[in-house]
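One-letter residues, chain by chain:
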Amino acid sequence: MEKPKTLEQLRAEKERAETRLAQEQHKLNRLENRKRYLEKGERTKRTHRLCNLGGTVESLAPEVKDLTRTEMTELMEHIFSLSEVQRAVRHMAITHISQANREKEWKADGTISSERHAD
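These figures come from a predicted structure and were not determined experimentally. Every chain is numbered on its own, with residues counted from 1 as its sequence reads. The model is predicted, so local features are restricted to residues of pLDDT at least 70 and side-chain atom pairs to those at 80 or more, both for listing and for counting; the totals for chains, interfaces and linings are taken over all residues. Each side-chain value is derived from all of the structure's non-hydrogen atoms; neither hydrogens nor water enter the calculation.

Another point: the pattern of salt bridges. Think of a salt bridge as a Lys or Arg side-chain nitrogen and an Asp or Glu carboxyl oxygen that are within 4 Å of each other. For the coordinates displayed, the defined rule picks out four salt bridges. The salt bridge involving Glu24 is made with Arg20; its shortest N-O contact spans 3.3 Å. Of the two residues, Glu24 and Arg20 are both situated in helix 1 (residues 7-60); the distance of four residues between them amounts to about one turn of the helix. The closest approach of N and O atoms between Lys45 and Glu42, which form a salt bridge, is 3.6 Å. With Lys45 and Glu42 both in helix 1 and three residues apart, the pair spans about one turn of that helix. Side by side, Lys45 and Glu42 carry an identical accessibility label, which is exposed. To qualify as a helix, a DSSP run of H or I must reach at least 4 residues; to qualify as a strand, a run of E must reach at least 2; elements of each kind are numbered from the N terminus. Relative accessibility decides the category of a residue: with a 1.4 Å probe and only protein chains considered, values under 20% of the type maximum give buried, values over 50% give exposed, and everything between is partly exposed.

Now the structure itself:
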C-alpha cells in the first residue's frame with residue numbers, strides 16, 4: 001500500500017504542475033504569435049502585390065486615379081470582356097505556367113537555381 005504524501009510533497013507536486021502549466025501556456029502563446037506573424041506576412045505580400053498592380057494601372061492610364069471603385073470595376077469588366085484582352089490574358093497565363101514548370105524541372109534536375117523574386 002502506498003503511503004500518504006506529506007504536505008510538503010503535495011506542495012512540491014503542485015509547484016511542478018503549475019510550472020509545467022505555465023510552460024505549456026507560454027508555448028501555446030508562442031505558437032499563436034507565430035501563426036499571426038505568418039498570416040500577417042501573407043496579407044502583407046498580397047497588399048504589396050495589389051498596390052504594385054494598382055500602381056502599374058495608374059502609370060499606364062493616369063486618368064483612373066479619379067475613378068471610384070465602382071467606376072473602376074465597370075472599366076475592368078469592360079476591358080476584360082474584350083476578346084483581344086481575353087486572348088492576351090490566356091497567353092500570359094499559359095506563358096507563366098510554362099515558365100514556372102520549366103523552372104521546377106530545372107530545379108529538380110539540379111542544373112539551375114531558379115529563385116525568382118517578383119516585386
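Additional details are given in the paragraphs that follow.
This part covers the environment of Met76. Tracing the sequence through the fold places Met76 in helix 2 (residues 69-81). The exposure class of Met76 is partly exposed, given its relative accessible area of 25%. Residues Met76 and Ser98 lie 22 residues apart in sequence; the distance between their C-alpha atoms is 26 Å.

Helix 3 (residues 83-109) packs onto helix 2 with a crossing angle of 80° between their chain directions and a minimal axis gap of 5 Å. The angle between the axes of helix 2 and helix 3 places the two elements in the roughly perpendicular class. Of the residues in helix 3, those in contact with Ile79, Phe80 and Ser81 of helix 2 are Ser83, Val85, Gln86 and Val89. Throughout this entry, Asp, Glu, Lys and Arg are counted as charged residues, while Ala, Val, Leu, Ile, Met, Phe, Trp, Tyr, Cys and Pro are counted as nonpolar. The remaining residues, Gly among them, count as polar. Among the residues making up the contact of helix 2 with helix 3, the classes are represented as four nonpolar, three polar and no charged. A fitted line through C-alpha atoms represents every axis, and for helices the fit uses only the stretch in contact; the resulting angles, taken between N-to-C directions, go from 0 to 180 degrees. By definition in this entry, angles of less than 35 degrees are roughly parallel, angles greater than 145 are roughly antiparallel, angles of 65 to 115 are roughly perpendicular, and the rest are oblique. Contacts: residue pairs with any heavy atoms within 4.5 Å of one another.

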